[in-house]
Number of protein chains: 2
Amino acid sequence: MGSSKEYIEKLRKSGLRPTKQRINICEALFDAEKTFHFTITDLVKIIETKANQKISLATVYNTIHAFQKKGYLKEIAINSSQAYFDTNTTDHHHFFDEKSKELIDLKDEDVHPIKIKKNIPGKKIKSVEVLVRLDSEN
Amino acid sequence: MGSSKEYIEKLRKSGLRPTKQRINICEALFDAEKTFHFTITDLVKIIETKANQKISLATVYNTIHAFQKKGYLKEIAINSSQAYFDTNTTDHHHFFDEKSKELIDLKDEDVHPIKIKKNIPGKKIKSVEVLVRLDSEN
DNA sequence: ACTACAGTTTAGAATCGTTATAAATTATAA
DNA sequence: TTATAATTTATAACGATTCTAAACTGTAGT
Ligand SMILES: [Mn+2]
Ligand SMILES: [Mn+2]
Ligand SMILES: [Zn+2]
Ligand SMILES: [Zn+2]
């Protein structure tokens, strides 16, 4: 979708210099027609395949963290062994398939609205996330 | 609460030999009047203080995993940097205080019942967990 | 365009939580 | 009491992530 020009602008507006690595990462993340979930190693593979160019792991970590801070990505907590990221930054919930290790978005209409009736003095709610773990039937 | 005898019995019934290490772990976990949340390093400190006895990290990991498999503990997914465990094995939801890194149980009446309207063929729901992240106000 | 400089990338080291290994110790069935 | 399998332990290995510091690059100012 996005042209390289768009990403250059997006990066500049975010106070990030538009390097070829960052543009490659943008293309891997934001060219897709649909939003998707990924781990860092997933993403390295996507970039190196799509851009046919090596990229340092450190650069991918740096850029993903920068994008997360800017709100271009969300992190989804699944387990303590790996970080999962999401290019869908809207509030939404997830299925997690324990067998395939795959995350699936739930649409708003798939989950009753969640109402939290308790509040902690001095604290405010930052996010409410539902994780539905799936098992193979039988 | 529990006497050493009870734990010995519990362990035996679970097919686990009642070693002094496992009994110490049981006391640390199940003597408390209330259920609680902990990380492995938390637990090592609790055991070594309470039992005034050194215990190997490997033994703690082994035993926690054995207890988890038996259903005596639950693991709560908060982030990818550390595993959190819960001595409350009932279905329930959590607040997570991002500042203090503390987990707080939500009671059933604090959260509207959650109804998932989507289903994935061949898969069944194993668990539905809500995590409410808290920030300091202002 | 040239320069200077801060920002960025990089390979590799370090760190941290966790898991594996293999030898010593211990619980228990016979 | 003895034999055996289970358990504990110190320590090594591991994998994900972060750090480091040197090389490289984008850009503001000339
Ligand atoms: Mn785990
Ligand atoms: Mn993180
Ligand atoms: Zn998602
Ligand atoms: Zn809990």
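In the block above lies the structure referred to throughout.
Residues numbered from 1 in each chain as written. Chains lettered and ligands numbered in written order. Predicted model: local features only at pLDDT ≥ 70, side-chain atom pairs only at ≥ 80, totals over all residues. Heavy atoms only, no water.

A. Structural context of the coordination of the zinc ion (ligand 3). Residue and element names in this part refer to chain A. Within the first shell, the zinc ion (ligand 3) binds the protein through His37 (NE2), Asp86 (OD), His92 (NE2), His94 (NE2) and Asp105 (OD), at distances of 1.9 to 2.2 Å. Along the chain, the residues donating to the zinc ion (ligand 3) are arranged with the sequence spacing H-x48-D-x5-H-x1-H-x10-D. Highlighted residues: His92 in the loop between strand E3 (84-86) and strand E4 (93-97) and Asp105 in strand E5 (residues 102-106), separated in sequence by 13 residues. Residue His92 is classed as buried on the basis of its relative accessible area, which comes to 5%. (Donors = N, O, S within 2.8 Å, 3.2 Å for Na, K, Ca; no water. Helix = DSSP H or I, 4+ residues; strand = E, 2+ residues; numbered from the N terminus. Buried < 20%, exposed > 50% of the residue type's maximum accessible area, 1.4 Å probe, protein only.)

B. Representation of the packing of helix H2 (residues 20-30) of chain A against helix H4 (residues 57-70) of chain A in the model. Residues and elements named next belong to chain A. Taken N-terminus to C-terminus, the directions of H2 and H4 make an angle of 65 degrees; their axes are 11 Å apart at the nearest point. The hand of the H2/H4 crossing is right-handed. Residues Gln21, Arg22, Ile25, Cys26, Leu29 and Phe30 of H2 touch H4, and the partners they reach there are Thr59, Val60, Thr63, Ile64 and Phe67. (Axes fitted to C-alpha atoms, helices over the stretch in contact; angles between N-to-C directions. Left-handed = near helix turned anticlockwise from the far one by under 90°. Contact = heavy atoms within 4.5 Å.)

C. Looking closely at the sheet that holds strand E3 (residues 84-86) of chain B. Taken together, 3 strands build an open sheet; the order of strands is E1-E3-E2 (chain B) and the sheet is antiparallel. Here the strands that pair on one side only, and so sit at the sheet edges, are strand E1 (37-38) and strand E2 (74-76) of chain B. (Pairing = 2+ DSSP bridges.)

D. Spatial organisation of the interface of chain B and chain A. With 42 residues of chain B at the interface, the matching set in chain A holds 42 residues. Three residues stand out in chain B for area buried against chain A, namely Lys118(B), Lys123(B) and Lys124(B), and they jointly supply 16% of the buried area on that side. At the surface where chain B touches chain A, the tally comes to 4 salt bridges. Notably, a salt bridge pairs Asp97(A) with Lys123(B), separated by 3.0 Å at the nearest N-O pair. The tally of links from chain B across to chain A stands at 18 residue pairs in polar contact (both at pLDDT 80 or more). The greatest single-element share of the side of chain B that touches chain A, amounting to 14 residues, is contributed by strand E6 (residues 123-136) of chain B. Taken together, the residues of the side of chain B that touches chain A break down into 17 nonpolar, 8 polar and 17 charged. The pairing of strand E6 (residues 123-136) of chain A with E6(B) spans 13 bridges and is classified as antiparallel. Paired with Leu134(A) across the two strands is Ile125(B), which belongs to E6(B). (Buried area = accessible area lost by both parts, 1.4 Å probe. Salt bridge = Lys/Arg side-chain N within 4 Å of Asp/Glu carboxyl O. Polar contact = N/O pair within 3.5 Å; in protein donor to acceptor, adjacent residues only side chain to side chain. Nonpolar A, V, L, I, M, F, W, Y, C, P; charged D, E, K, R; others polar.)

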